[in-house]
Amino acid sequence: MRNNYKYFRHRKCEYYPCHSDITKKDVPFNCLFCFCPLYNLNDCGGNFQMLPNGIKDCSRCLYPHNPDHYDEICRRLANAKG
């Protein structure tokens, strides 16, 4: 893979795969952003839903785990107003 610093997969992690729909070994799955750095952004770019109690549920989101999203995640973080 080109740009290896943008990608990391930890198959020996006790939580891998953290998403039940990631089961094939050949699926690119990036563990670099194990905990999504975009969670606190309203416009995170991911597939989330708001629960009735106001908590953001990202359990179905694979956005930070896609190796092709590294640059976009860094851009969003750089532009985040905090």
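In case you missed it, the structure is sitting above this.
Q: Explain the overall build of the chain here, please?
A: Broken down by element type, the chain carries one helix and two strands. Starting at the N terminus and ending at the C terminus, the chain contains elements arranged as β-β-α. Residues counted as buried form 26% of the 82 residues belonging to the chain. Here the contacts in the chain between residues at least 6 apart in sequence split such that 47% fall between residues at least 24 apart.

Q: I would appreciate a short explanation of the packing of aromatic side chains in the present structure.
A: Two aromatic rings, taken as a pair, are described by how far apart their centres are and by the angle between their planes. Under the criterion given, the structure shown has three aromatic pairs. With a centroid separation of 5.9 Å and 65° between ring planes, the pair formed by Y16 and F29 is classed as edge-to-face. Of this pair, Y16 sits in the segment before β1 (49-50) while F29 is found in the segment before β1, placing the two residues 13 residues apart along the sequence. With 5.9 Å between their ring centres and 25° between their planes, F33 and Y70 make a pair best called stacked. You can see F33 sitting in the segment before β1 and its partner Y70 sitting in helix α1 (residues 70-79), a full 37 residues away along the chain.

Q: Could you clarify how one ought to interpret the layout of surface pockets in this entry?
A: If a probe as big as a water molecule is rolled over the atoms, it shows which places are left empty. By volume, the largest pocket amounts to about 480 Å³. Class assignment of the residues belonging to the lining of the largest pocket gives a composition of 15 nonpolar, four polar and no charged.

Q: Is there a simple way to explain the side chain of H65 in this structure?
A: Relative to the assigned elements, H65 resides in the loop between β2 (56-57) and α1. Sequence-distant contacts of H65, that is, excluding residues within four places in its chain, are made with C18, H19, P28, F29, N30, F33 and C34.

Q: Looking at this structure, how should I read the pattern of salt bridges?
A: Pairing between side chains of opposite charge can happen when the charged atoms of each approach one another. Throughout the structure, instances matching the rule amount to four salt bridges. In this structure, the salt-bridge partner of R76 is E72, at a minimum N-O distance of 3.0 Å. One end of the pair, R76, and the other, E72, are both in helix α1, four residues apart, so they sit about a helical turn from each other. Exposure remark for E72: the relative accessible area of 23% places this residue in the partly exposed category.

Parameters at a glance
Residues numbered from 1 in each chain as written. Predicted model: local features only at pLDDT ≥ 70, side-chain atom pairs only at ≥ 80, totals over all residues. Heavy atoms only, no water. Helix = DSSP H or I, 4+ residues; strand = E, 2+ residues; numbered from the N terminus. Buried < 20%, exposed > 50% of the residue type's maximum accessible area, 1.4 Å probe, protein only. Contact = heavy atoms within 4.5 Å. Phe/Tyr/Trp six-rings, centres within 6.5 Å; stacked < 30°, edge-to-face > 60°. 1 Å grid on protein atoms, 1.4 Å probe; cavity = no way out; pocket = protein on both sides within 12 Å on 5 of 7 lines; lining within 4 Å. Points joined across faces, edges and corners; volume = space filled by probe spheres on them. Nonpolar A, V, L, I, M, F, W, Y, C, P; charged D, E, K, R; others polar. Salt bridge = Lys/Arg side-chain N within 4 Å of Asp/Glu carboxyl O.

None of this, on its own, says anything about what the molecule does.
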